[in-house]
Amino acid sequence: MENLLKKTINDIVTENHIHASVLYYFGVKFYDYKTETLEQVCAGHGLNAESVIKALELVDDNSETTIKQLQSLPVELMVEYLKHAHYIFVKKRMPYVAQLIDGIKDVDFRYKSLSNDLKSIFPLFVEDFIEHIYEEEDTFFSYVSQLSRFLKDDVPSSEVFYLMEKYSVREFALDHEVHDNEMEGFRKFTNNYTYCDEADLQIKVLYSELERLEKDLILHAKIENEILFPKALQLERLVKLKFHDLSKSN
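Parameters at a glance
- For every chain, the first residue of its written sequence is number 1, and the numbers climb from 1 along that sequence.
- The predicted nature of this model means local features are confined to residues of pLDDT at least 70 and side-chain atom pairs, given and counted, to a pLDDT of 80 or more, with totals for whole chains, interfaces and linings taken over all residues.
- To obtain the side-chain values, all non-hydrogen atoms of the structure were used and water was disregarded.
- In the sections that follow, a salt bridge refers to a side-chain nitrogen of Lys or Arg positioned within 4 Å of a carboxyl oxygen of Asp or Glu.
- Strands are runs of DSSP state E lasting at least two residues, helices are runs of H or I lasting at least four, and both sets are numbered from the N terminus onward.
- Burial classification: accessible surface area is computed with a 1.4 Å probe over protein chains only, and a residue below 20% of its type maximum counts as buried, one above 50% as exposed, and the rest as partly exposed.
- Here the nonpolar core consists of buried residues drawn from Ala, Val, Leu, Ile, Met, Phe, Trp, Tyr and Cys, with membership extended through side-chain atoms lying within 4.5 Å.
- For this analysis, residues touch if any pair of their heavy atoms sits within 4.5 Å.
- A residue's pLDDT is simply how confident the predictor is in it, with values from 0 to 100.
- Any Phe, Tyr or Trp ring, taking Trp's six-membered ring, that has another such ring centre within 6.5 Å forms a pair; planes under 30 degrees apart are called stacked, those over 60 apart edge-to-face, and the others tilted.
- Surface patches are defined over residues having more than 30% relative accessible area and no salt bridge, joining like charges when they lie within 9 Å and nonpolar side chains (Val, Leu, Ile, Met, Phe, Trp, Tyr) when within 5 Å.
- The protein chains shown are the only cover counted for residues, whose accessible areas, like all others here, come from Shrake-Rupley with a 1.4 Å probe.
- Here Asp and Glu are counted as negative and Lys and Arg as positive; His is not counted, and neither are the chain ends.
- To locate a charge, take NZ of a lysine, CZ of an arginine, CG of an aspartate or CD of a glutamate.
- Whenever a helix is involved, its axis is fitted only over the stretch in contact; in every case the axis is a line through C-alpha atoms, and angles between N-to-C directions fall within 0 to 180 degrees.
- Here a crossing is called left-handed whenever its near helix is offset anticlockwise from the far helix by less than a right angle, and right-handed whenever the offset is clockwise.
- Note on residue classes: Ala, Val, Leu, Ile, Met, Phe, Trp, Tyr, Cys and Pro are nonpolar, Asp, Glu, Lys and Arg are charged, and everything else, Gly too, is polar.

## Remarks on the pattern of salt bridges
Moving on, step 1. Evaluation of the coordinates by the stated rule reveals 9 salt bridges.
Moving on, step 2. Across the pair Asp153 and Lys242 runs a salt bridge whose closest N-O atoms are separated by 2.5 Å. Of this pair, Asp153 sits in the loop between α8 (109-151) and α9 (157-166) while Lys242 sits in helix α12 (residues 201-249), and the two are 89 residues apart along the sequence.
Moving on, step 3. A relative accessible area of 60% places Asp153 in the exposed class.

Spelled out as structure tokens, the structure:
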């Protein structure tokens, strides 16, 4: 602990670029305090040094939730899990990347034009992403929730019948394929997130975060494609069977 406190912010972030995001969540923009030690930054911001160090030590880039771990969740919990993931992307991950981009000032001439372009392009990407997930939550997620409630007799059959005339899981799945890997353009734009040895630390951190964000968004899409959609299709079949039984009993 003592050793980490004496290290400069620049050294801490150089060792692991994800440390920059940990500091950000504590209210510290690493590029404003590169030459200061962690001890000085904690004192200046009124932060509990032990809490900051624990957070830095907990960082593990391989802590992604796996497909297998989520397979056993019922569809209702899957929807809530994915809604929470949307919240994290919109309220934490993307604002963090946005401030990294906005914080770029004096960088190596090779990245000057690219950093300016990112300042224009990334906000548009975020706007499109937010529009997509809100539409997904208002239509597909809502549809799945209503199907689930109908099987529990928590919603009128007429309401669900109307929804099934309007929507289908298969159509939602086809539309979802169009939005898979929305960050492919950033990968091409940054030459697969590669940078030269002389690149500024800010560029290295930014590229690492863009790559990490892309991986997490791909994982998110994979969870929807491989878990939620199959569960939703099965749910839809069960609802159709229930309607069939209801029609026979009438």
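Once you've had a look at it, read on.
## Topic: the nonpolar core
Moving on, step 1. One finds Phe30, Leu38, Met94, Phe122 and Leu206 to be the most contacted residues of the largest nonpolar core, which totals 48 residues.
Moving on, step 2. Elements with a contribution of two residues or more to this core: α1 (2-5), α2 (9-15), α3 (19-25), α4 (38-45), α5 (49-58), α7 (75-102), α8 and α12.
Moving on, step 3. Among all residues touching Met94, those that are not within four sequence positions of it are Phe89, Phe122, Phe125, Val126, Phe129, Leu213 and Leu217.
Moving on, step 4. One finds Leu70, Leu82, Met164 and Leu235 within the second-largest nonpolar core, a separate group that totals 28 residues.

## Things to note about the confidence of the model for the protein chain
Moving on, step 1. Per-residue pLDDT for the protein chain has a mean of 88; in total, 93% of the residues score no lower than 70.
Moving on, step 2. Within the protein chain, α4 carries the highest mean pLDDT (96), whereas helix α6 (residues 67-70) carries the lowest (75).

## Details of the environment of His17
Moving on, step 1. One can find His17 in the loop between α2 and α3.
Moving on, step 2. When its relative accessible area of 15% is taken as the criterion, His17 is described as buried.
Moving on, step 3. Along the primary structure His17 and Tyr207 are separated by 190 residues, whereas in three dimensions their C-alpha atoms are 9.5 Å apart.
Moving on, step 4. Those residues within four positions of His17 in sequence are excluded, and the remaining contacts are Tyr195, Leu201, Lys204, Val205 and Ser208.

## Here's the deal with the packing of aromatic side chains
Moving on, step 1. For the structure on display, the rule yields 18 aromatic pairs.
Moving on, step 2. Between Tyr25 and Tyr96, the aromatic rings sit 6.1 Å apart at their centres with planes inclined by 45°, giving tilted as the arrangement. Of the two residues, Tyr25 is situated in helix α3 and Tyr96 in helix α7; the sequence distance between them amounts to 71 residues.
Moving on, step 3. A relative accessible area of 43% means that Tyr25 is categorised as partly exposed.
Moving on, step 4. For the pair Tyr167 and Phe172, a centre-to-centre distance of 5.3 Å together with 35° between the ring planes defines the contact as tilted. Summarising the burial analysis for this pair, Tyr167 and Phe172 share the class buried.

## Description of a negative patch on the surface
Moving on, step 1. A grouping of Glu127, Asp128, Glu131, Glu135, Asp138 and Asp175 is seen on the molecular surface, where their side chains present a negatively charged patch.
Moving on, step 2. Sort the elements by how many residues they give to the negative patch and α8 lands first, with 5 residues.
Moving on, step 3. One can find Asp138 in helix α8.

## What to know about the packing of α8 against α9
Moving on, step 1. At a minimum axis separation of 10 Å, α8 and α9 run at an interaxial angle of 145°. With respect to the hand of their crossing, α8 and α9 are arranged in left-handed fashion. Contacts from Tyr143, Gln146, Leu147 and Phe150 of α8 reach α9 at Ser157, Glu159, Val160, Leu163 and Met164.
Moving on, step 2. Residues of the contact of α8 with α9, tallied by class, amount to 6 nonpolar, 2 polar and 1 charged.

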